[in-house]
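# Inside the fold
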Amino acid sequence: MESAAGSEEDFQLFVDVHGAALRASGVPPLYWKSLHHKLAHEVFDAGEVFGIMEVEDEEVEDDSEQKMSLNPGTPPVYKVIVTKEDGLQAANPDSIFLIDHAWTYRVGQARQQLWEIPGLLHRMANLTGVGFHGEVPDDDIIDNVLAELWAFSHVYKLNQGSAEEQVPIWYVMDEFGSQIQHSDEPTFQIVPFFYGMGQMAFSLLWPLQDLNHGEEVTWDHAHGEQNPLIRKCMLLPWQPADLREADASVSEPPEDYFKGILASNKENLPLPIEPPVYQKDKTFKVYTDFKQVLNFLNAPRFVFTEDEEEADILYLYDHFKDYRTLSEKRPHVMVNQFPCESLLTVKDCLAAVARRTGGVNGPKWLPLTYNLCTELPQFVSCYQQRQARGEDNHWICKPWNLARGLDTHITNNLNCIIRQREGTPKVVCKYLENPVLFERDDIGLVKFDIRYIVLLRSVHPLQLYAYNVFWLRFSNRPFSLDHLDDYQKHFTVMNYVDDSQLKQIHYNEFIPMFEKQYPKYAWTSIEEEIYKSFVELFQVATAKPAPFGICNYPSSRAIYAIDLMLKWDTDGDGKTIMQPQILEVNYSPDCARACKYHPSFFNDVFSVLALDEVAGHNATRLI
């Protein structure tokens, strides 16, 4: 039998490992010992205290508010009540309960798991109220289950491991937990909890008050949100509401937004300095941790040093922070970053600064974008207005600051979009329902995107260049507005997808192929519009002083990758045009393909940025 001392030691270890998470989730310390015991011994004793009761239609027939609070589309409807004869006391240390998870998934794998895991589709169909009684599964049934699932799914995130491992994990509680209904005045709290010692995730349930026999167990799906309008938006998956009267317009955020970004980035802005003047034949010592730079930069006026303190140029992979000290002690040292450049390279900031161009929906070269953390009511109103007008309502949810399509989802399901904000901070952008497509001989008409490299040499005056080579990426399946979770149909970045084909077409081969497919559209004219969009973007991003714009630091230089697509649109005269759509601006882009096919790439980049030599270096001055 386990000794009291051993038990106490085990509990202390449990607190050491999980105490911070329990405090962050608001689990009262009163319950920790009992929780530890139940987790260690897998005690699921909720059935001794609670029961599930079917709600008769007449119970809610005249109570529309209560009826809307029930999970929609779930015939019959249930609720959970206290069945213990003497009720439940919140002060009882044992009044915390484990709820098992029926299914744990990541969004991109959900469809495949519903197809492949025996019994899962039946269980989820029963739980969500989708009719499926022994038929052979098909995509329509799975689509219906996935659509209803957003009223039953919840999320947690691991804060360790690779970027892929930190993508939010969604889960569905078992039939007991999933039947606990929402209330604005809840009787219980529910939180997810990852038990590290058992490598298992559960939900924890504990009372917020004493309950008598027969009283209902409820929880608040918008826990912690006080703003009535935002609460109404968050609760739409359970309580439908018409929010079309809310203002759907968005504008540039207030100054505090930009000050907050500077503070969270922990950047120390530089002091004003005079632009450094270098000897005409100076050889620059380069300190870098980029293998591609070390392998391909061999122009005669650049040499490498392993001593950061003696370098003339710092070409760094990680974000540089302390511009203040650099400006005070080594103002002549060039660095491959600009203070406050995250205003371009982080997706919510990109949309915010782009709004300086004016107009209700922002610039024509950026898809309509909402910040789901700060502009949820505006987005919901926009979505519902578009729905009422019969307009396309496909949207793409993107994390603010993740690359490679991680945790990025395309959907026309409003509930899905609303719930996405609970995983990681996201923007939602209008998905291009009418992209310009490229005909692949082996597949047909597919989506493609274009990556341009731009070089920012100066903010004031604005000196911006485009590298004359651009790169293309293609989807692997014909485009259509269905199977929105089919990565190889709707995305173009195939470098990181196992067993996927990577279609290579070089820019100089692409141009004649494209003009043959679209003989009315000369590439020179399209590229002119692309360059105009780049100029306008950098003009608004540098229009205000730091931290409201990219900082004017004369010793900064930078290289960015701009990913864009083309969409069909009309100009002011009603003429059909190909309109560039900037998708994102990337800091420290992967230049492996550039170096492989154009070995002079970094010689060109360094010559333009450091030496101000453009002729013969594959670059075009944009402004």
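Let me sum up the structure you'll find in this document. (Residues numbered from 1 in each chain as written. Predicted model: local features only at pLDDT ≥ 70, side-chain atom pairs only at ≥ 80, totals over all residues. Heavy atoms only, no water.)

The next point concerns the packing of helix α6 (residues 120-128) against helix α7 (residues 139-148). For the pair α6 and α7, interaxial distance at closest approach is 10 Å and the crossing angle is 50°. Here α6 lies oblique to α7, going by the angle between them. Between α6 and α7 the crossing geometry is left-handed. Only Ile141, Ile142, Val145 and Glu148 of α7 make contact with α6, whose side of the interface consists of Leu121, Met124, Ala125 and Thr128. Residue composition of the contact of α6 with α7, grouped by class: six nonpolar, one polar and one charged. (Axes fitted to C-alpha atoms, helices over the stretch in contact; angles between N-to-C directions. Helix = DSSP H or I, 4+ residues; strand = E, 2+ residues; numbered from the N terminus. Parallel < 35°, antiparallel > 145°, perpendicular 65-115°, else oblique. Left-handed = near helix turned anticlockwise from the far one by under 90°. Contact = heavy atoms within 4.5 Å. Nonpolar A, V, L, I, M, F, W, Y, C, P; charged D, E, K, R; others polar.)

On to the pairing of strand β16 (residues 395-399), then. Along β16, five of the five residues are buried, which leaves the element largely enclosed by surrounding structure. Of the two faces of β16, the one holding Trp395, Cys397 and Pro399 and the one holding Ile396 and Lys398 are both buried throughout. For β16 and strand β18 (residues 426-430), the ladder comprises five bridges, and the chain directions are antiparallel. Looking at the pairing, Lys398 lines up with Val427 of β18. (Buried < 20%, exposed > 50% of the residue type's maximum accessible area, 1.4 Å probe, protein only. Pairing = 2+ DSSP bridges.)

The next point concerns the nonpolar core. Counting 55 residues, the largest nonpolar core has Phe448, Phe510, Phe514, Trp523, Phe534 and Phe538 as the members making the most contacts within it. For this core, the secondary structure elements donating two or more residues are α14 (347-354), β18, β21 (448-458), β22 (463-474), α18 (507-517), α19 (523-541), β23 (558-570) and β24 (576-587). With nine residues, the single largest contributor to this core is α19. Counting residues in each nonpolar core, the second largest holds 49 residues, with Val145, Phe152, Tyr370 and Ile417 among its members. (Core = buried A, V, L, I, M, F, W, Y, C linked by side-chain atoms within 4.5 Å.)

Attention shifts here to unusual backbone geometry. Glycine aside, residues mostly have negative phi, and peptide bonds are mostly found in the trans state. A cis geometry characterises the amide bond from His460 onward to Pro461, with omega recorded as 0°. For the bond running from Ala546 to Pro547, omega is 5°, close enough to zero to count as cis. On the secondary structure map, Pro547 appears in the loop between α19 and β23. Even without being a glycine, His483 presents a positive backbone phi close to 45°. Here His483 shows up in the loop between β22 and α17 (487-490).

This paragraph deals with the sheet that holds strand β10 (residues 216-219). Across the sheet, which stays open at both edges, the four strands sit in the order β1-β2-β10-β7 with mixed pairing between neighbours. The sheet is open, and its two borders are formed by β1 (50-55) and β7 (181-182), each paired with just one other strand.

As enumerated under the stated definition, the model contains 32 salt bridges in all. With a closest N to O distance of 2.5 Å, Asp143 and Arg111 form a salt bridge. Of this pair, Asp143 sits in helix α7 while Arg111 sits in helix α5 (residues 110-116), and the two are 32 residues apart along the sequence. What makes Asp143 partly exposed here is its relative accessible area of 33%. When its relative accessible area of 13% is taken as the criterion, Arg111 is described as buried. One salt bridge connects Asp612 with Arg457, and the closest N-O pair in it is separated by 3.8 Å. Of this pair, Asp612 sits in the loop between α21 (601-611) and β25 (619-621) while Arg457 sits in strand β21; the two residues are 155 residues apart in sequence, bridging distant segments of the chain. Owing to a relative accessible area of 40%, Asp612 belongs among the partly exposed residues under this scheme. (Salt bridge = Lys/Arg side-chain N within 4 Å of Asp/Glu carboxyl O.)

To continue, consider the environment of Val454. Residue placement: Val454 occurs in strand β21. Judged by relative accessible area, which is 0%, Val454 ranks as buried. Spatially, the C-alpha atom of Val454 lies 22 Å from that of Pro547, the residues being 93 residues apart in sequence.

So, about the environment of Gln12. Residue placement: Gln12 occurs in helix α1 (residues 4-25). Taking the C-alpha atoms as reference, Gln12 lies 47 Å from Glu309; in sequence the two are 297 residues apart.

Before going further, it helps to spend a moment on the packing of aromatic side chains. Scanning all chains against the criterion turns up 52 aromatic pairs. Ring geometry for Tyr452 and Tyr531: centres 6.0 Å apart, planes at 75°, overall edge-to-face. Taken as a pair, Tyr452 in strand β21 and Tyr531 in helix α19 lie far apart in primary sequence, 79 residues in all. For the pair Tyr452 and Tyr531, a shared accessibility class is recorded, and that class is buried. The ring of Phe284 carries Lys282 above its face, with NZ or CZ at 5.5 Å from the centroid. (Phe/Tyr/Trp six-rings, centres within 6.5 Å; stacked < 30°, edge-to-face > 60°. Lys NZ or Arg CZ within 6 Å of the ring centre and 35° of its normal.)

This next bit is on α6. Within the sequence span of α6, burial applies to Leu120, Leu121, Met124, Ala125, Leu127 and Thr128. One side of α6 holds all its buried residues, which, seen down the axis, span an arc of 165°. Buried residues along α6 sit in contact with β4 (101-105), α5, α7, β6 (169-173) and α8 (175-178). Two residues or fewer past α6, Gly129 is found with a positive phi of approximately 85°. (Arc of directions from axis to C-beta.)

Let us now look at helix α15 (residues 376-389). The terminal C-alpha atoms of α15 lie 20 Å apart, and with 14 residues this matches the ideal 20 Å at 1.5 Å per residue to within 8%. Within α15, 10 of the 14 residues are buried, leaving the element largely enclosed by the surrounding structure. Looking at α15, one finds that the buried residues are Leu376, Pro377, Gln378, Phe379, Val380, Ser381, Cys382, Tyr383, Gln384 and Arg386. Buried residues along α15 sit against α9 (228-234), β15 (369-371), β16, α16 (414-420) and β18. Directly after α15, the chain includes Gly390, whose backbone phi takes a positive value near 75°. (Expected span 1.5 Å × (residues − 1).)

This brings us to a nonpolar patch on the surface. Among the surface-exposed residues, Leu13, Val17 and Met197 lie close enough to one another that they form a single nonpolar patch of about 260 Å² accessible area. Note that Leu13 resides in helix α1. You can call Leu13 partly exposed: its relative accessible area is 46%. (Patch = residues over 30% accessible without salt bridge, like charges linked within 9 Å, V, L, I, M, F, W, Y side chains within 5 Å. Areas by Shrake-Rupley, 256 points an atom, 1.4 Å probe, with all protein chains shown as cover.)

Here the focus is the sheet that holds β4. The three strands lie next to each other as β4-β6-β5, forming an open sheet whose pairing is antiparallel. Of all the strands in the sheet, the pair left with one neighbour each is β4 and β5 (153-156). Along the sheet, successive strands turn relative to each other by an average axial angle of 30°, direction set aside. Note that β4 and β6 share four bridges and pair antiparallel. Considered in β6, the bridge of Thr104 is made with Tyr171. Against the sheet, α6 contacts β4 and β6, and its axis sits at roughly 110° relative to β4.

What follows is about the pairing of β24. Within a regular strand, the side chains alternate between the two sheet faces. For β24, a buried count of nine out of 12 residues is recorded, marking the element as mostly surrounded by other parts of the structure. Where β23 and β24 come together, 11 bridges link them in antiparallel fashion. Bridge pairing in β24 links Leu564 to Ile582. Here β23 folds back onto β24 in antiparallel fashion, the turn holding five residues, of which Gly574 has a positive phi close to 85°.

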